[in-house]
Amino acid sequence: MATEKLNRRTLGALAPVDRPTTIFDCDLKGFGLRLMPPSKRNPSGARSWIVEYRPGSGGRAVAKRRIMLGSVGTLTPEQARSAAKDALAAVRLGNDPAAERAERRTAKRLADLEPIYSAETNPLRKDRTIELYSGYWRNHVLPAFGTSVARSISRADVVRFHRGLGQTQPVTANRCVTLLAHFYSWARDSGHVPAA
């Protein structure tokens, strides 16, 4: 692991490597450049900007975490340095960017949870209610929120949805919001979203 000032000149002077190598910046602790050797997938090798840090109160007892900020082709040294400063500032404020990214990758979208919700709650409903709710999901709720992570949908998002739909279909808008309220109550009780 070498250290030097990471800038455009440094990038221009780098030779290909024959094994994974990390070069850390001498000015910004934790900011680095990860170099990978050539491979079939990437014949010229890969170069990625990284940040390494210790979460929480830090100290040697805490394992280091690493996040990739982006490739050299997508971020300039200045942009990467700025992103690294932001990530390190978040760590100093008690956040853990690597854990947050991992959580976002595994977080369930509303469209992922709706079939589970329906399978658990439909046996308690009448056939006509199941048909009606299925239409609300298919025609209104999933087009609006289906690709969103369930725990990231805010009350303000639901209010905007309600106002938009309510301009033409006020009764349907009210029923969709009632359905969403029941869905989120189920999702909290089932542990799919955190309790508010």
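In the block above lies the structure referred to throughout.
Note that the structure is a prediction, hence the values are computed from the model and not measured.

## Concerning the overall build of the protein chain
Counting secondary structure elements, the protein chain contains seven helices and five strands. Helices (α) and strands (β) of the protein chain occur, in sequence order from the N terminus, as β-α-β-β-β-β-α-α-α-α-α-α. On C-alpha atoms alone, the protein chain measures out to a radius of gyration of 24 Å, which is more than a quarter above the 16 Å that the 2.2 N^0.38 rule sets for 196 residues. Dimensions along the principal axes, computed over C-alpha positions, put the protein chain at roughly 70 × 40 × 30 Å. Across the 196 residues of the protein chain, 35% fall into the buried class.

## A few points about the environment of Pro 38
Among the structural elements, Pro 38 can be located in the loop between strand S3 (31-36) and strand S4 (46-53). The spacing of Pro 38 and Arg 19 is 19 residues in sequence and 8.9 Å in space, taken between C-alpha atoms. Among all residues touching Pro 38, those that are not within four sequence positions of it are Val 17, Pro 43, Ser 44 and Gly 45.

## Side note on helix H7 (residues 170-190)
With 21 residues, H7 extends 30 Å from end C-alpha to end C-alpha; this agrees with the ideal 30 Å at 1.5 Å per step. Burial in H7 covers these residues: Thr 172, Ala 173, Cys 176, Leu 179, Leu 180, Phe 183, Tyr 184, Trp 186 and Ala 187. Buried residues of H7, seen end-on, are gathered within an arc of 160 degrees and therefore sit on one face of the element. Turned more than 90 degrees away from the buried face of H7, the exposed residues are Thr 178 and Asp 189. In the core, the buried residues of H7 are packed alongside helix H4 (110-121), helix H5 (127-145) and helix H6 (155-166). One or two steps after H7, the chain reaches Gly 191, where phi turns positive at roughly 85 degrees.

## Comments concerning the pairing of strand S2 (residues 21-25)
Of all five residues making up S2, four are buried, and the element is well covered by its neighbours. Where S2 meets S3, four bridges bridge the pair, whose relative direction is antiparallel. Counterpart to Thr 21 in the pairing with S3 is Leu 35.

## Some details on the pattern of salt bridges
Pairing between side chains of opposite charge can happen when the charged atoms of each approach one another. A complete count under the given rule lists nine salt bridges for this structure. Between Asp 25 and Arg 81 there is a salt bridge, with its nearest N and O atoms 2.9 Å apart. You can see Asp 25 sitting in strand S2 and its partner Arg 81 sitting in helix H2 (residues 77-92), a full 56 residues away along the chain. Comparing Asp 25 with Arg 81, the two get one shared label, buried. Note that Arg 128 and Glu 131 form a salt bridge whose closest N and O atoms lie 3.8 Å from each other. Residue Arg 128 and its partner Glu 131 are both found in helix H5; the two are separated by three residues, about one turn of the helix. Arg 128 gets classed as exposed once you look at its relative accessible area, which sits at 54%. Taking relative accessible area as the criterion, Glu 131 reaches 55% and is therefore assigned exposed. Overlapping salt bridges bring together Glu 52, Lys 64 and Arg 66 as one network.

## Quick look at the environment of Leu 28
One can find Leu 28 in the loop between S2 and S3. Measuring from C-alpha to C-alpha, the distance between Leu 28 and Trp 49 comes to 13 Å, with 21 residues separating the pair along the chain. For Leu 28, the contacting residues outside a window of four places in its chain are Arg 81, Ala 84, Lys 85 and Leu 88.

## Considerations on the packing of H5 against H6
Helix packing for two helices is described by the angle between their axes and how far apart those axes are. Viewed as axis vectors pointing N to C, H5 and H6 meet at an angle of 140 degrees, and their least axial separation amounts to 11 Å. Viewed along their axes, H5 and H6 adopt a mutual orientation that is oblique. Crossing of H5 against H6: the hand is right-handed. The segment H5 lies against H6, with His 140, Val 141, Ala 144 and Phe 145 engaging Asp 157, Val 158, Phe 161 and Leu 165. The residue inventory of the contact of H5 with H6, partitioned by class, reads six nonpolar, one polar and one charged.

Here is what the cut-offs are and how they apply
Residues numbered from 1 in each chain as written. Predicted model: local features only at pLDDT ≥ 70, side-chain atom pairs only at ≥ 80, totals over all residues. Heavy atoms only, no water. Helix = DSSP H or I, 4+ residues; strand = E, 2+ residues; numbered from the N terminus. Rg over C-alpha atoms; globule rule 2.2 N^0.38 Å. Buried < 20%, exposed > 50% of the residue type's maximum accessible area, 1.4 Å probe, protein only. Contact = heavy atoms within 4.5 Å. Expected span 1.5 Å × (residues − 1). Arc of directions from axis to C-beta. Pairing = 2+ DSSP bridges. Salt bridge = Lys/Arg side-chain N within 4 Å of Asp/Glu carboxyl O. Axes fitted to C-alpha atoms, helices over the stretch in contact; angles between N-to-C directions. Parallel < 35°, antiparallel > 145°, perpendicular 65-115°, else oblique. Left-handed = near helix turned anticlockwise from the far one by under 90°. Nonpolar A, V, L, I, M, F, W, Y, C, P; charged D, E, K, R; others polar.

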